[in-house]
Amino acid sequence: MEEKKEMKFVRPESVGAEIPAISAPPFQLRCPSMTRSPLLDIAPKTPKTPKSPLASLLTSTPIASPMKKAIASMQCYLEEVGHFTKLDPQDAWLPITESRNGNAYYSAFHTLSSGIGAQALLLPLAFTTLSWTWGILCLSLVFMWQLYTLWLLIQLHESESGMRYSRYLRLSMAAFGEKLGKLLALFPVMYLSGGTCVTLIMIGGGTMKIFFQIVCGDTCSLRPLTTIEWYFLFVCLAIILAQLPNLNSIAGVSLIGAITAISYCTLIWVVSIIQGRPEGVSYDPPETKSDMARICDILNALGIIAFAFRGHNLVLEIQGTMPSSAKQPSRKPMWRGVKLAYVIIAMCLFPLAIGGYWAYGNLMPNGGMLNALHKYHGHSTSKLLLGLTSLFVVINCLSSFQIYAMPVFDNLELRFTSKMKKPCPWWLRIVFRIFFGCLAFFISVALPFLMSLAGLIGGVALPVTLAYPCFMWILIKKPTKYSAIWCLNWILGVLGMVLSMLVIAGAIWTIVTMGVEIHFFKPQ
């Protein structure tokens, strides 16, 4: 038997050396309840981010009950001597990675909350252009395509050197280089996060107005709020929830958001089918003035389908909340949670798209399924069902706002911690989140026509979902040239970029030719 060599550590002060600010990469703990600081006692302890009084109050409420078990830490042993996971000490200060207590269930909750949303209600609108066969075929192909690229991102989260890429932007910079990676990914990722939050304010605030009208009725003596006031009320509720400190702490919020999303998607298509089709329903493609207009309508429909599958910009962040070790890498529980989530997503989106198109056909309004339900069956449907559906939409929008805003919060705090070399104080964290909420509210009021740009938004988001992961796999994993996976990723990556440019061009052409009702500071 080989003799075990005894390793002795020499304290730096004994030889007159200065204590380094950052030590060698520490061991990664196996247990699910890791400490927030990734450094062991060998190095100086990393200061922890102070918790705000409001965040402490929120984490003690029933909505945070799924987090109670994860917050309780326990003593663990190192799984394997010699295995290192390189962690940036600054990660212990940022809201995405300051807690690494996630598991497969949390990943499923976050994936469902970000993967199902109000954008799914627009899917039947794409079918009005693509018709039955092409609509189902395109929806199925995009679903499988984005699920494959999702698997690529999960595999790329941990590199062979031990580095964990817990943010989409950092993986892009590692694959394409610092300058090019930032150029390619920074705007789409921030645009998806901020733009989605603005859209959620419009949908959530507008649905709150509908919910009040349903509950109050025609004989209500209360003065109804204006649309801007409903937006403001929604933002206030969102900012209160945003005081939860990190991505793991909103797992309970994501669970509620996932449940409500599944509920209203199911309720809407079931009620629409039961109520029957209104008179004059047709499934013929709408007439267009020219072949170019027809092509642009098809590309715009593809953009709507691509927008329905947004959320890839959050996958690495969700996986970054999980512990990892040599025998239990984070990709295993992450993929289990994603598989469960996407089975449920498919069970929601496909019936919604197919059932909604069957029920309304070419009569589908631009607002999607919720508007169609109120327009054609508002008087014949129970107020309880209509009110419950609207309430579920509001709750889901509030929940989705939290997870899509988290990368923005993380980026704001990254700027502070990089410059000041210390964690963000709790009062400044509150200021950052209030600032972002107010900014999103201002944009939603100033540019209320953004809701009609779903196709354009889908085109901008399409490379993040369908193209970049393929190129990242080739550049980082370096598969054998002309092998099956090398060819597949090149084909999908190039096709994704071409499709993105075509969708953006088609959306712009449609906006120019058909026109968009632009009204600044006048939300309807």
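This structure is a prediction, so every number in the text was calculated from the model and none was measured. Sequence positions are assigned chain by chain, starting from 1 and proceeding in written order. In keeping with the model being predicted, local features are shown solely for residues with a pLDDT of at least 70 and side-chain atom pairs are shown and tallied solely at 80 or more, while totals for entire chains, interfaces and linings include all residues. Side-chain measures were taken over the full set of non-hydrogen atoms in the model, leaving aside hydrogen atoms and water.

Some remarks on the overall build of the chain
Move 1: The number of helices and strands found in the chain is 16 helices and zero strands.
Move 2: Burial classes: relative accessible area under 20% of the type maximum marks a residue as buried, over 50% as exposed, and values in between as partly exposed (1.4 Å probe, protein chains only). Taken over 524 residues, the chain has a buried fraction of 54%.
Move 3: A total accessible area of about 24,700 Å² is found for the chain, and carbon and sulfur atoms account for 67% of it. Under the DSSP-based scheme used, a helix requires at least four consecutive residues in state H or I and a strand at least two consecutive residues in state E, with every element numbered from the N terminus. Using the Shrake-Rupley algorithm and a 1.4 Å probe, accessible areas are obtained, with residue cover drawn only from the displayed protein chains.

Focus on the pattern of salt bridges
Move 1: We count a salt bridge whenever a side-chain nitrogen from Lys or Arg sits within 4 Å of a carboxyl oxygen from Asp or Glu. A full pass over the atoms with the stated rule returns 10 salt bridges.
Move 2: Close ionic contact of Arg 167 with Asp 410 constitutes a salt bridge, the shortest N to O distance being 2.7 Å. Of the two residues, Arg 167 is situated in the loop between α4 (123–156) and α5 (168–176) and Asp 410 in helix α13 (residues 383–420); the sequence distance between them amounts to 243 residues. Grouping residues by exposure puts Arg 167 and Asp 410 together as buried.

Remarks on the packing of aromatic side chains
Move 1: Two aromatic rings, drawn from Phe, Tyr or Trp (for Trp, its six-membered ring), form a pair once their centres lie within 6.5 Å of each other, and the interplanar angle then sorts them: stacked below 30 degrees, edge-to-face above 60, tilted otherwise. Tallied over the entire structure, the rule returns 20 aromatic pairs.
Move 2: An aromatic cluster is present here, built from Phe 127, Trp 132, Tyr 283 and Tyr 357 joined pairwise through their rings.

Points about the packing of helix α7 (residues 227–241) against α13
Move 1: It is the contact of α7 with α13, at a shortest axis distance of 9 Å, that shows an interaxial angle of 50 degrees. Here α13 runs oblique to α7, going by the angle between their axes. Considering the relative orientation of α7 and α13, their crossing is right-handed. Packed against α7, whose contacting residues are Phe 234, Leu 237, Ala 238 and Leu 241, the element α13 presents Val 394, Cys 397, Leu 398, Phe 401 and Gln 402 at the interface.
Move 2: Classifying every residue of the contact of α7 with α13 by side-chain character gives eight nonpolar, one polar and no charged. Each axis is a line fitted through C-alpha atoms, taken for helices only over the stretch in contact, and angles between the N-to-C directions span 0 to 180 degrees. If an angle is under 35 degrees, it is roughly parallel; if it is over 145, roughly antiparallel; if it lies from 65 to 115, roughly perpendicular; otherwise it is oblique. For a crossing to be left-handed, the near helix must be turned anticlockwise from the far one by less than a right angle; the clockwise case is right-handed. Contacts are residue-level and defined by heavy atoms, with any inter-residue pair within 4.5 Å sufficient. Side-chain classes follow a simple rule in which Ala, Val, Leu, Ile, Met, Phe, Trp, Tyr, Cys and Pro form the nonpolar group, Asp, Glu, Lys and Arg form the charged group, and the remainder, Gly included, forms the polar group.

Regarding α13
Residues lying three or four places apart along an α-helix face the same way, a consequence of the helix completing one turn every 3.6 residues.
Move 1: To estimate how far a helix should extend, the number of its residues minus one is multiplied by 1.5 Å. Here α13 spans 54 Å end to end across 38 residues, near enough to the 56 Å set by a 1.5 Å rise per residue.
Move 2: Bending is quantified residue by residue as the angle between axes fitted to the seven-residue window ending at that residue and the seven-residue window starting at it. At Ala 405, α13 is deflected by roughly 35 degrees, the largest bend along its length, and proline Pro 407 occurs up to four residues later in sequence.
Move 3: Where burial is concerned, most of α13 is hidden: 27 out of the 38 residues are buried.
Move 4: Among the residues trailing α13, Lys 421 stands out with phi positive, at a value near 60 degrees.

Some thoughts on the confidence of the model for the chain
Keep in mind that low pLDDT regions are not for reading the predicted coordinates in detail.
Move 1: Looking at any residue, its pLDDT shows the predictor's confidence there, from 0 to 100. On average, residues of the chain score 81 in pLDDT, and 80% of them are at 70 or above.
Move 2: Every residue in residues 1–44 scores below 50 in pLDDT, and together they form 67 contacts with partners more than four places removed in sequence or on other chains.
Move 3: Here residues 66–84 is modelled with pLDDT under 50, and outside its nearest four sequence neighbours on either side it reaches 32 contacts, counting other chains as well.

Structural notes on the packing of helix α8 (residues 251–275) against helix α11 (residues 331–360)
Move 1: Contact geometry for α8 and α11: axes closest at 9 Å, N-to-C directions at 25 degrees. By the criterion of interaxial angle, the relationship of α8 to α11 is roughly parallel. Crossing angle aside, the handedness with which α8 passes α11 is left-handed. Taken together, the residues of α11 that come into contact with α8 (itself represented by Ile 262, Cys 265, Ile 268, Trp 269, Ser 272 and Ile 273) are Ile 344, Cys 348, Pro 351, Leu 352, Gly 355, Trp 358, Ala 359 and Tyr 360.

Regarding the environment of Val 281
Move 1: Structurally, Val 281 can be placed in the loop between α8 and α9 (291–308).
Move 2: A relative accessible area of 22% places Val 281 in the partly exposed class.
Move 3: Sequence-distant contacts of Val 281, defined by excluding residues within four places in its chain, comprise Trp 358, Ala 359, Tyr 360, Gly 361 and Leu 363.

Details of α7
Move 1: With 15 residues, α7 ought to run about 21 Å at 1.5 Å a step, and its terminal C-alpha atoms sit 22 Å apart, in line with that.
Move 2: Among the residues of α7, Thr 227, Trp 230, Tyr 231, Phe 234, Val 235, Ala 238, Ile 239 and Leu 241 are the ones counted as buried.

Here's the deal with the nonpolar core
Move 1: Counting 119 residues, the largest nonpolar core has Leu 139, Tyr 168, Tyr 264, Ile 268, Ile 305, Phe 401 and Met 472 as the members making the most contacts within it.
Move 2: Per element, the largest residue contribution to this core is 16 residues, and it comes from α4.
Move 3: Leu 139 has contacts with Leu 123, Phe 127, Ile 305, Phe 309, Phe 350 and Ala 353, leaving out every residue within four places of it along the chain. Remark: nonpolar core denotes a set of buried residues (Ala, Val, Leu, Ile, Met, Phe, Trp, Tyr, Cys) joined through side-chain atoms within 4.5 Å.

Quick notes on the side chain of Arg 433
Move 1: For Arg 433, the location among the structural elements is in helix α14 (residues 426–446).
Move 2: Residue class for Arg 433 comes out buried when judged on its relative accessible area of 2%.
Move 3: A polar contact of 2.5 Å, which involves the side chain of Arg 433, links it to the backbone oxygen of Ala 242.
Move 4: Apart from residues lying up to four places away in sequence, Arg 433 is in contact with Pro 95, Ile 239, Ala 242, Gln 243, Leu 244, Pro 245, Phe 409 and Glu 413. Each polar contact in these results corresponds to two N or O atoms within 3.5 Å; when the atoms are within protein, one needs to be able to donate a hydrogen and the other to accept it, and residues that are neighboring in sequence are counted only if both atoms are side-chain atoms.

Quick word on unusual backbone geometry
Move 1: Although it is not a glycine, Ser 131 adopts a positive phi angle of roughly 70 degrees.
Move 2: Structurally, the position occupied by Ser 131 is in helix α4.
Move 3: Of note, the phi angle at Lys 478 is positive, near 50 degrees, even though the residue is not glycine.
Move 4: You can see Lys 478 is positioned in the loop between α15 (454–477) and α16 (484–514).

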